[in-house]
Amino acid sequence: MMLILQIITGSIRRKFIRVPVMGIMLLCSQSLSGQNNLALTGVASSSGNQSNDFAGRAIDGNRETVWFNESSEPLKWLTVVLPGATEIREVRIFMEGVDTQPVQHLAVQTFLNGRWENQFQNPDNQQTEVVVTFERTLLTDRIRLALEGKGAVAVRELEIFGDQYIDSTAIEVKKILVNQSGYNLNKPKRFTAPGVPDNTPFLIRNQTTGKAVHFGKVHQEAGDFSDFNPLSSDEYVVLIDTFSSYPFRIGPFWLERVTYRNMIDFMAGARHYTGTTDNIRQLSWAWRDGDFFNWALQSLIAQFLSNPEAFIRMERKLSYRSNDSFSNKYKGKWGSLEPYDDNAPDIVKLIHWDVDVKITQQLEHEHQKAELAHFLYAYPYLQQWLPQQNFDMVYAYLKKKWAKADVVGWSTSQYDKSPEHNLLSLKTKLGTTKGELPPGHTIMPNLMMYEVAKKQNEADADKYFDAACRQMEWMIANLDWNDPMTTKGQRMSEHITMRAFAYFYRQYPLRAPEGLYEKVKDWAAVMIARSDNLWDFRKYTDDGDWVPAGWNEPGNVLGFPACALAAMTVIKDTNINNALNRLVWSHFDNAFGRNPTGRHFSYDGPSEIEGVDLGWYSYHHGGVGLLEDVRFVFDGAPKTNHYPNHPEIGNLGWTEGWVQFNTAFNTSMAYLAHQDTEITLVRNDKKTITVRLKAPLNFDEKKWDQIKLEIVAASGDTTPVILDEEGEYSQYFTGSIKVKKGRNESDDDVLQVKKHDTLRVSYGLGYFKKEATISLGKKSIQKEGKRILHKNKGLPVNR
């Protein structure tokens, strides 16, 4: 006898007729008769040691062949991955257990948010043939049959019935996909044109003048116009035949222009207790729905260290709020740290907020403790706005808690996978695709604690360095970059791993473990190989899923540029770095519309981000984060089924913004600022020194910018120098200062130097500092000065 079961799940797609058969309710879809068995188009895999070919016996259309599993594991499973997004209405299972008896416990599951979820289960099955009919279709590309019980099981056939999914509400996507907002001058600029043959001509048209200003040819369904760098505020479009892209602009630092303020506004709005809502939320400490692995503090600190002037000059919108001004329910949530100076930049206020919550609530999870090391490391650059008490309290707390292995219950959540929380111990467990335990997460914090402890004259400071070194050695020996769980499988937390490699190599080049450089090059080779496609998009696997199945994945796309940029600071091969740099920008572009959906990741992108034309399909109402009223939320990204080019499936899968997505983007923007920073010192004559700086600061061609830097002489004198923007579309600032031997207190604008003195100037702070030096020795001055000036017609070259 065949058992017919009805379950209700997913979204309603069809009406069903109820027909009673021998006392059992039989559900028959009006359109089901005559349908093909979609399992025949799928690929099967299974538990046990059998090959996929063996599992394929369960979907070969022949009920005489059998997939057989006699393992001792209580759970046996059989998974079928279909070619694309599918509306599944019915599943038929032909199976038997020991001595041909029915398998008692069975479930039909779909994959969502990194885990298998039951869509039907029967713990008391008495049938060997089961039909599960869904009144509301399952929208998925994979089904798992889970069978529990002792002894062997056999599945003669797993049949799946439904239709390929097409979203009838999906609008027609542009034939030419670009970054809708715009591109940066002198950076990779590419578009995708799916289905367009090689060598098809394209042109770029100035929308103001109507003239064609650049020409090229399509190659492998993409076009490159990186060498098109107009000094203009006009809009442009790409044209192929009669098809046009969305308009875009090109500016000195266009991406920074449209995101820097937005990044800060998002973090301000997403604060727990004091942001856009004062509700108390689960899985939340400093940030709503931030959980313990949001990496917010280190991302904010990285942003400030990489480009301090950009944040110092921003409008101040935030002010300190004591928890005394709220109801008693907020007692003990924050307030242990003394307040910041009222004139602190907003980003510093957000840093203070995160630290204050962690210290006040005594959070002990290894990630929460590790984040505080970034604060101690950065404190010398923040102390003009933050009291010494802030440093002292955090340092005392970490000295006490750093090696503590257990954790108080309120510091963690159901996503905690940490075996223990001693930050000095070796970490060999990798997290899941949730992103909660990325490889190498203790390395940067331990190395930062090493530097802090040395400055505090701690006798045991080396323990931090030794822990970081052991961890790096383990990663070099054990991480397999071909396994996607070591890379993209870590989701929005992937950047933690490569940043650890880069930090160790750059800060301690003579003490870095053997094989570090080669390991980073190996990583780059795998990433470049997996990005050889029309989107220049780094795939999850070589020939399988493009992104981890079941996930909404803006964060990994937004955080991958940080991975590539960090690797570029290690790798010396120009060709590899050029390839990685192309991927940096293709992933930024992906978030801004160069993807199969043709949409920006943010639903409110058109109203919040300059130049964005089409935002994400929808946004999530409610949820733990309550982000619907926050600016600059990354709501959704293309799912694996959208790739390589299936816009017709539309708004598939889960959509919900998350703090972790934005902090991944923040981190990428920090590493981008570091890449774009260049500084030089040149002595033009015996009395004048010229400073030239490139940094992401010129966001508005209508505003004339200046920046003040300090030139420091080794002999002790320090003098400010004002650098002026070189032009309305320039990426550079230039300024000069006079030098004079001897000392005269009235010469405030003259740098007092000694014979054979050395001068230094820098931009960026801490591990993001870039510095230029020049010696005033006579021979070295003339030789270096003439060489540099000659090559750039009187202006210093960029080094």
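Residues numbered from 1 in each chain as written. Predicted model: local features only at pLDDT ≥ 70, side-chain atom pairs only at ≥ 80, totals over all residues. Heavy atoms only, no water.

Chemist: Tell me what's going on with the overall build of the chain, and back it up with residues and numbers.
Modeler: In terms of regular secondary structure, the chain is built from 16 helices and 26 strands. Scaling as 2.2 N^0.38, a compact globule of 799 residues should have a C-alpha radius of gyration of about 28 Å, and the chain matches this with 29 Å. Counting only C-alpha atoms, the chain reaches 105 × 65 × 55 Å along its principal axes. Burial analysis of the chain (799 residues in total) assigns 59% to the buried set. Counting contacts in the chain only where the partners sit at least 6 residues apart, residues at least 24 apart contribute 69% of the total. As displayed, the chain has an accessible area near 32,000 Å², and 48% of this comes from carbon and sulfur atoms. Counting 92 positive and 97 negative side-chain charges, the chain places the averaged centre of each group 6 Å from the other. (Helix = DSSP H or I, 4+ residues; strand = E, 2+ residues; numbered from the N terminus. Rg over C-alpha atoms; globule rule 2.2 N^0.38 Å. Buried < 20%, exposed > 50% of the residue type's maximum accessible area, 1.4 Å probe, protein only. Contact = heavy atoms within 4.5 Å. Areas by Shrake-Rupley, 256 points an atom, 1.4 Å probe, with all protein chains shown as cover. Lys, Arg positive; Asp, Glu negative; His and termini not counted. Charge placed at Lys NZ, Arg CZ, Asp CG, Glu CD.)

Chemist: Tell me about the packing of aromatic side chains, residues and numbers included.
Modeler: What the rule picks out here adds up to 45 aromatic pairs. Plain terms: the ring middles of Phe-465 and Tyr-508 are 5.3 Å apart, the flat faces sit at 75° to each other, and that makes the pair edge-to-face. Of the two residues, Phe-465 is situated in helix 9 (residues 462-478) and Tyr-508 in the loop between helix 10 (495-507) and helix 11 (516-529); the sequence distance between them amounts to 43 residues. The exposure class assigned to Phe-465 is buried, which follows from its relative accessible area of 4%. Ring centres of Trp-616 and Tyr-617 lie 5.0 Å apart, and the angle between their planes is 75°; on these two criteria the pair is classed as edge-to-face. By the burial criterion, Trp-616 is buried, and Tyr-617 matches it. (Phe/Tyr/Trp six-rings, centres within 6.5 Å; stacked < 30°, edge-to-face > 60°.)

Chemist: How would you explain the packing of helix 10 against helix 12 (residues 554-568) if you had to name every residue and give the values?
Modeler: Viewed as axis vectors pointing N to C, helix 10 and helix 12 meet at an angle of 15°, and their least axial separation amounts to 8 Å. When the interaxial angle is binned, helix 10 and helix 12 end up roughly parallel. In this structure, helix 10 meets helix 12 at a crossing whose hand is left-handed. Here His-495, Met-498, Arg-499 and Ala-502 of helix 10 lie close against helix 12, whose contacting residues are Gly-559, Ala-562, Cys-563, Ala-566 and Ala-567. For the contact of helix 10 with helix 12, the per-class residue count stands at six nonpolar, two polar and one charged. (Axes fitted to C-alpha atoms, helices over the stretch in contact; angles between N-to-C directions. Parallel < 35°, antiparallel > 145°, perpendicular 65-115°, else oblique. Left-handed = near helix turned anticlockwise from the far one by under 90°. Nonpolar A, V, L, I, M, F, W, Y, C, P; charged D, E, K, R; others polar.)

Chemist: Help me get a handle on helix 2 (residues 254-269), residues and values and all.
Modeler: For helix 2, which comprises 16 residues, the first-to-last C-alpha distance of 24 Å matches the rise-based estimate of 22 Å (1.5 Å per residue) to within 8%. With 14 of its 16 residues buried, helix 2 lies for the most part within the structure. (Expected span 1.5 Å × (residues − 1).)

Chemist: Talk me through the nonpolar core; I want residue IDs and the actual numbers.
Modeler: Counting 171 residues, the largest nonpolar core has Phe-375, Phe-504, Trp-523, Leu-709, Leu-759 and Tyr-767 as the members making the most contacts within it. At ten residues, the largest contribution of residues to this core is made by helix 12. (Core = buried A, V, L, I, M, F, W, Y, C linked by side-chain atoms within 4.5 Å.)

Chemist: Run through the pairing of strand 19 (residues 678-683), naming residues and quoting values.
Modeler: Taken across its six residues, strand 19 has five buried, putting it largely inside the fold. With six bridges connecting them, strand 19 and strand 20 (residues 688-694) associate as antiparallel partners. When the sheet's bridge partners are listed, Glu-678 is paired in strand 20 with Lys-694. Counting the residues that bridge the hairpin from strand 19 to strand 20 gives four residues. (Pairing = 2+ DSSP bridges.)

Chemist: Talk me through the pattern of salt bridges; I want residue IDs and the actual numbers.
Modeler: Across all of its chains, the model carries 38 salt bridges by this definition. In this structure, Asp-224 and Arg-190 form a salt bridge, with 3.1 Å as the shortest nitrogen-oxygen distance. Here the residue Asp-224 occupies a position in strand 15 (residues 222-224), and Arg-190 occupies one in strand 12 (residues 190-192), the gap between them amounting to 34 residues. The class of Asp-224 is partly exposed, set by a relative accessible area of 35%. Exposure remark for Arg-190: the relative accessible area of 10% places this residue in the buried category. In this structure, the salt-bridge partner of Arg-594 is Asp-536, at a minimum N-O distance of 2.8 Å. In this pair, Arg-594 sits in the loop between helix 13 (574-591) and helix 14 (605-608) while Asp-536 sits in the loop between helix 11 and helix 12, placing the two residues 58 residues apart along the sequence. Of the two residues examined, Arg-594 and Asp-536, each falls in the buried class. Here the salt bridges share partners, and the residues they tie into one network are Arg-190, Asp-224, Asp-536, Arg-582 and Arg-594. (Salt bridge = Lys/Arg side-chain N within 4 Å of Asp/Glu carboxyl O.)

Chemist: Outline the environment of Phe-111, listing residues and values.
Modeler: Locating Phe-111 in the fold gives a position in strand 7 (residues 105-112). Judged by relative accessible area, which is 21%, Phe-111 ranks as partly exposed. Considered as a pair, Phe-111 and Thr-140 are 29 residues apart in the sequence and their alpha carbons are 7.8 Å apart. Excluding residues that lie within four positions of it along the chain, Phe-111 makes contacts with Trp-116, Arg-142, Ala-549 and Gly-550.

Chemist: Explain the sheet that holds strand 14 (residues 212-217) to me, and be specific about the residues and the numbers.
Modeler: What the four strands build is an open sheet, ordered 14-13-16-17; its pairing is antiparallel. Every interior strand has two partners, whereas the edge strands, strand 14 and strand 17 (243-244), have only one.

Chemist: Can you explain the side chain of His-600? Please cite residues and give values.
Modeler: You can see His-600 is positioned in the loop between helix 13 and helix 14. For His-600, a relative accessible area of 0% puts it in the buried group. With residues up to four places along the chain from it excluded, the contact list for His-600 reads Gln-180, Ala-591, Phe-592, Gly-593, Ile-609, Val-612, Leu-614, Gly-615, Trp-616 and Phe-634.

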